[in-house]
Amino acid sequence: MTQVKARGPYNKTPARRAEIVRAARESFAEHGFTKASLRGIAERAGITHAGLLHHFRDKDDLLAAVLAERDTEERRYAESKVPDMDHLTPYLGGMLRHHQRAPELMRLWIELTAAASRPEHPAHGYFVERYAWGRDQFARGMQGKAGRGELHEALAPEHAAILLQAVLNGLQLQWLLDEELDIVGPVRAFMRMTFPQAARPEDEE
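Residues numbered from 1 in each chain as written. Predicted model: local features only at pLDDT ≥ 70, side-chain atom pairs only at ≥ 80, totals over all residues. Heavy atoms only, no water.

K.L.:
I would appreciate a short explanation of the nonpolar core in the present structure.
P.N.:
As a rule of thumb, nonpolar side chains are buried together in soluble globular proteins. Counting 28 residues, the largest nonpolar core has Ile20, Phe28, Ile41 and Leu62 as the members making the most contacts within it. Elements with a minimum of two residues in this core: α1 (14-31), α2 (38-45), α4 (59-81), α6 (103-115) and α7 (124-147). The dominant element in this core, judged by the number of residues it contributes, is α4, at six residues. In this structure leucine 62 touches Ile20, Val21, Ala24, Leu38, Ile41 and Phe56, once residues within four positions along its chain are discounted. (Core = buried A, V, L, I, M, F, W, Y, C linked by side-chain atoms within 4.5 Å. Buried < 20%, exposed > 50% of the residue type's maximum accessible area, 1.4 Å probe, protein only. Helix = DSSP H or I, 4+ residues; strand = E, 2+ residues; numbered from the N terminus. Contact = heavy atoms within 4.5 Å.)

K.L.:
Help me understand the packing of helix α5 (residues 88-100) against helix α9 (residues 184-194), please; the structure alone is not making it clear to me.
P.N.:
Running from amino to carboxyl end, α5 crosses α9 at an angle of 160 degrees, the nearest separation of the two axes being 9 Å. Relative to α9, α5 is oriented roughly antiparallel. Of the two elements, α5 crosses α9, and the hand of that crossing is right-handed. Counted together, Leu88, Thr89, Leu92, Gly93, Leu96 and Arg97 of α5 and Val184, Val187, Arg188 and Met191 of α9 form the full contact between these two elements. Considering only residue class, the contact of α5 with α9 consists of six nonpolar, two polar and two charged. (Axes fitted to C-alpha atoms, helices over the stretch in contact; angles between N-to-C directions. Parallel < 35°, antiparallel > 145°, perpendicular 65-115°, else oblique. Left-handed = near helix turned anticlockwise from the far one by under 90°. Nonpolar A, V, L, I, M, F, W, Y, C, P; charged D, E, K, R; others polar.)

K.L.:
Hey, could you run me through the environment of alanine 42 in this one?
P.N.:
Residue placement: alanine 42 occurs in helix α2. Beyond its immediate chain neighbours, meaning those up to four positions away, alanine 42 contacts Ile47, Thr48, His49 and Leu52.

K.L.:
How should the packing of α5 against helix α8 (residues 157-177) be read in this particular structure?
P.N.:
To describe two helices that pack against each other, one gives the angle between their axes and the distance between the axes. Relative to each other, α5 and α8 sit at 30 degrees, their axes nearing to 11 Å. When the interaxial angle is binned, α5 and α8 end up roughly parallel. α5 and α8 meet at a crossing whose hand is right-handed. Each of Leu88, Leu92, Met95, Leu96, His99 and Gln100 in α5 lies in contact with α8, whose residues at this interface are Leu164, Leu168, Gln172 and Trp175. Taken together, the residues of the contact of α5 with α8 sort by class into seven nonpolar, three polar and no charged.

K.L.:
Would you take a moment to explain the environment of serine 27 for this structure?
P.N.:
Within the secondary structure layout, serine 27 lies in helix α1. For the pair serine 27 and alanine 64, spaced 37 residues apart in sequence, the C-alpha to C-alpha distance is 14 Å. Among residues more than four places away in sequence, those in contact with serine 27 are Gly32, Ala36, Ile41 and Arg44.

K.L.:
Just to check I follow, could you spell out the packing of aromatic side chains for this structure?
P.N.:
The geometry of two aromatic rings is summed up by the distance between their centres and the angle between their planes. For the structure on display, the rule yields three aromatic pairs. Taking the centre distance of 5.3 Å and the plane angle of 65 degrees together, the rings of phenylalanine 28 and phenylalanine 33 count as edge-to-face. Assessed through its relative accessible area of 0%, phenylalanine 28 is described here as buried. When its relative accessible area of 16% is taken as the criterion, phenylalanine 33 is described as buried. Taken together, the aromatic side chains of Trp109, Tyr126 and Phe127 make up a single cluster linked through ring pairs. Lying across the ring of phenylalanine 33, lysine 59 places its NZ or CZ 4.7 Å from the centre. Taking the ring centre of phenylalanine 195 as reference, the NZ or CZ of lysine 145 above it sits at 4.8 Å. (Phe/Tyr/Trp six-rings, centres within 6.5 Å; stacked < 30°, edge-to-face > 60°. Lys NZ or Arg CZ within 6 Å of the ring centre and 35° of its normal.)

This is the structure we're talking about:
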């Protein structure tokens, strides 16, 4: 097992933090958040328990880092797959299927989002910013659709963005309760209702 110094700048290097986050992600996915231990994560990362605590104050803090990394990966993937709103529907279907392949991370995301609704929670600021960023990105795309006359006339772009976030979150929660539930079909239906005047090629994957 690789040991690290008890003090010094090496403990704070991005590379070491990345190793811990990777180990935590694997452990959470394998054992679940409750059963995964900081000592086990530290061992998996090749670091002492004390060394891990130099980087993350507790398991909630580490979970927030794991989900932030997942979020960053998804943003980068989205940027490569969604050059404009016409490509959004197939991307969303693929994203939901990807999440279904890692249900434990999906569950952790939902649980942490609810816990972080409390202002005193350490991940509160992250989730506030994350949702605000998502709403802004969706709203910008919705404005473009509205400008082309493709957004439903009863929807303001900002309202459509909020509703899309709610649909995505709600569908994933329902799927965790019933894994036989189809959630890709409903999100496609929602997009068709949102953009009734748009062409249909965006449904194709």
